[in-house]
Amino acid sequence: MPDWLPRRRAKNEPAEDAATWSKCPKCSEVLYRRDLAANLWVCPRCGHHFRMSAVDRINITVDGDFKEIGADVLPGDPLEWVDKKKYAAKLAGDREKSQLSEAVICGIGKIGGFETAIGVMDFHFRGGTMGTVVGERIAMLLERARDLRLPCVIFTASGGARMEEGMLALMQLAKTTAAVARYREDGNFLVTVLTDPTTGGVSASFAFQADVIAAEPKAMIGFAGRRVIEQTIRQKLPDQFQTAEFLLEKGHIDMVVPRADLKAMLTRLLDYAAAGRSRTAAS
Amino acid sequence: MNLIVERERGLLELEKRIAELREANAAQSLDLSSEIRALEEKYSQIQREIFGSMTPWQKVHMARHPNRPTASDYIAEFAQFDELHGDRHFRDDHAIVGGFAKLGERAVMVIAQQRGRDTKENLRRNFGMPSPEGYRKVQRLAHLASHLGLPIVTFVDTKGADPGIGSEERAQSEAIAACLYEFTIARVPIVATVIGEGGSGGALALSIADRIIMLEHSYYSVASPEGCAAILWSDASKAEEAAARLKLTAQDLLQFGIADEIVPEPTGGAHRDPAGTISRVLKNISDALGELSSLPAAQLKEARYQKYRRIGAWQTERLETVKTGP
Ligand SMILES: [Zn+2]
């Protein structure tokens with residue numbers, strides 16, 4: 001077992017005990033959380049993919065050890081932001097609730113035997129919004145992956161740029177793009193897995209700059225939020241609009257992969273990339 | 001209603017009155033000069049009151065002023081401009097204008113967001129909100145510029161990317177993401193000027209640049225003040241407060257190191273002296289291109305990388321729970 005996971009897991013326990021039962025938001029089935037976890041947080045009745053914590057995601061994706069990158073990069077409060085609450089208080093609440101220090105965990109681990117740079121966003125921390133720390137950790141991850149010539153897989157889940165950090169948050173789109181470009185132009189392989197939801201600044205930057213883009217079933221993916229579009233056009237949108245299946249049909253993404261098959265699919269993708277690379281190295 | 005239009009109404013009345021008196025004064029033997037002087041005094045006093053220190057919210061309105069010079073007004077002052085159309089896939093988006101141009105003697109690629117000046121033109125230009133095909137035209141022109149070795153000059157002026165059904169169906173996210181990528185890898189100098197509104201990712205798509213110039217009363221924001229207020233306060237009427245908190249003025253962005261320089265506007269805003277404002281902006285763009293053009297492509301790209309790599313504010317701290325970090 002990786003060193004850091006049990007420790008994170010232990011911290012997570014009380015929260016899980018407090019909510020032993022979960023209700024499926026799709027079919028209203030009441031589910032025992034342990035069964036839900038065993039089924040990879042997919043409703044056994046209707047197949048609804050629950051939003052996952054980054055820690056759980058790493059746990060079901062990585063074999064063995066995971067060496068975290070950028071864990072010591074923590075949010076500041078450059079705008080001394082206050083709306084209905086102080087930004088600092090919101091961050092503290094999210095830390096408490098999610099047991100995370102920010103909305104992404106990055107690091108290096110193995111997927112199906114392939115050493116891979118891995119980033120996992122978590123919607124439970126500030127709605128997965130990208131502020132400086134998310135941008136910085138993603139950039140650090142890609143820089144490390146470039147140095148080590150590793151493939152990179154990033155799981156996205158984000159409401160967009162983090163407004164509480166103002167323009168410094170918007171500039172993280174530029175920062176992550178710079179890192180992706182440098183990484184890819186060097187002949188490396190980037191895969192993104194878009195999970196529910198992936199919108200705004202994250203979808204308009206690294207999420208859609210990958211070599212292969214996969215998505216989980218029914219994940220909501222788009223640039224503008226559904227509400228904004230409905231307000232603009234003054235009509236209700238069809239249910240399947242902006243879903244992963246909709247994007248697949250429109251040709252925006254490569255594949256929709258059920259969570260149960262995701263690790264196997266990532267392993268196959270990493271295998272193709274490795275095959276290509278060894279051929280390049282041999283020539 | 002635009003706040004600035006409202007506030008300047010009285011001034012415009014006074015201006016008219018002064019002009020009338022001047023005319024009367026010239027035509028008649030009657031001496032009205034003291035009356036004129038008094039009015040002029042009053043005029044400049046009101047002007048100072050209104051425009052002396054504008055709040056961020058007033059600046060947002062100034063940036064949206066219907067008479068504010070738009071991108072085509074700037075492009076018209078280039079020595080030459082040959083427009084290139086379309087994204088080669090779907091259609092020509094009129095919210096984006098671009099093509100070969102000469103700024104003085106220097107050949108450049110100019111790429112701009114273009115809003116309309118009246119309702120009819122705004123409908124044609126979608127209020128300056130580009131669709132994916134617009135952003136694909138941007139990519140195409142940026143790529144061509146890089147291919148030919150022509151510097152890129154952009155003008156940013158948009159509320160944001162178009163948020164419609166068609167735009168989502170044609171992958172607005174991917175279109176913007178690919179613009180960011182194209183500007184990032186471009187081997188040529190890029191100078192971006194925010195002339196009005198810099199609305200979020202839709203504006204960023206034209207402003208990954210080696211030099212960012214902002215007009216004194218332009219703004220550039222992660223979200224529109226109205227949108228931010230609706231989301232974070234659940235109350236769109238808090239837009240004025242959001243505008244102040246978002247730190248979106250040119251002066252704020254200069255402090256953050258995001259904007260590199262600010263071009264001053266005449267009292268009352270750029271629309272009170274379009275010709276003067278435009279010539280000052282073009283001079284600054286020219287000077288910036290002059291400095292950047294001497295740098296080899298590799299050095300230019302490295303500097304661009306480092307510039308964006310540095311932006312942000314965070315703190316570092318060793319977490320007790322994480323010991324395996326390399
Ligand atoms: Zn269900």
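Please read all numbers here as calculations on a predicted model, not as lab measurements. (Residues numbered from 1 in each chain as written. Chains lettered and ligands numbered in written order. Predicted model: local features only at pLDDT ≥ 70, side-chain atom pairs only at ≥ 80, totals over all residues.)

We now examine the pairing of strand 3 (residues 106–113) of chain B. All names here are of chain B. Burial of strand 3 is extensive: six of the eight residues sit out of reach of the surface. Summarising the sheet, strand 2 (residues 96–103) and strand 3 pair through eight bridges and their orientation is antiparallel. Pairing of L103 across the sheet is with R106, part of strand 3. Hairpin connection, strand 2 to strand 3: the antiparallel pair is bridged by two residues, and G104 has positive phi, about 65°. Bridge analysis of strand 3 against strand 4 (residues 152–158) gives four bridges, and the strand direction is parallel. Counted as the bridge partner of A112 is F155 from strand 4. (Buried ≥ 20, exposed ≤ 12 C-beta atoms within 10 Å, placed from the backbone. Helix = DSSP H or I, 4+ residues; strand = E, 2+ residues; numbered from the N terminus. Pairing = 2+ DSSP bridges.)

Moving on, we come to the domain arrangement of chain B. Reports often express the size of an interface as the amount of accessible area lost when the parts come together. All names here are of chain B. Segmenting chain B into domains produces domain 1 (3–53) and domain 2 (61–310). Placing the centre of domain 1 and that of domain 2 at their C-alpha centroids yields a distance of 36 Å. Taken together, the contact between domain 1 and domain 2 spans six residues of the former and seven residues of the latter. Broken down by element, the side of domain 1 that touches domain 2 gets its largest block of residues, four residues, from helix 1 (residues 3–27). Residues that form the side of domain 1 that touches domain 2 fall into these classes: four nonpolar, one polar and one charged. (Domains from an automatic or database assignment. Contact = placed C-beta atoms within 7 Å. Nonpolar A, V, L, I, M, F, W, Y, C, P; charged D, E, K, R; others polar.)

Each side of the interface is counted separately: chain B has 53 residues, and chain A has 57 residues. Those elements that provide at least two residues to the side of chain B that touches chain A are helix 7 (165–169), helix 8 (172–185), helix 9 (200–204), strand 7 (219–221), helix 10 (225–233), helix 12 (250–256), helix 14 (297–310) and strand 9 (314–316) of chain B. Looking at the side of chain B that touches chain A element by element, the count peaks at nine residues for helix 8 of chain B.

Turning next to the domain arrangement of chain A. Considered domain by domain, chain A is made up of domain 1 (1–50) and domain 2 (51–282). Here the C-alpha centroids of domain 1 of chain A and domain 2 of chain A sit 21 Å apart.

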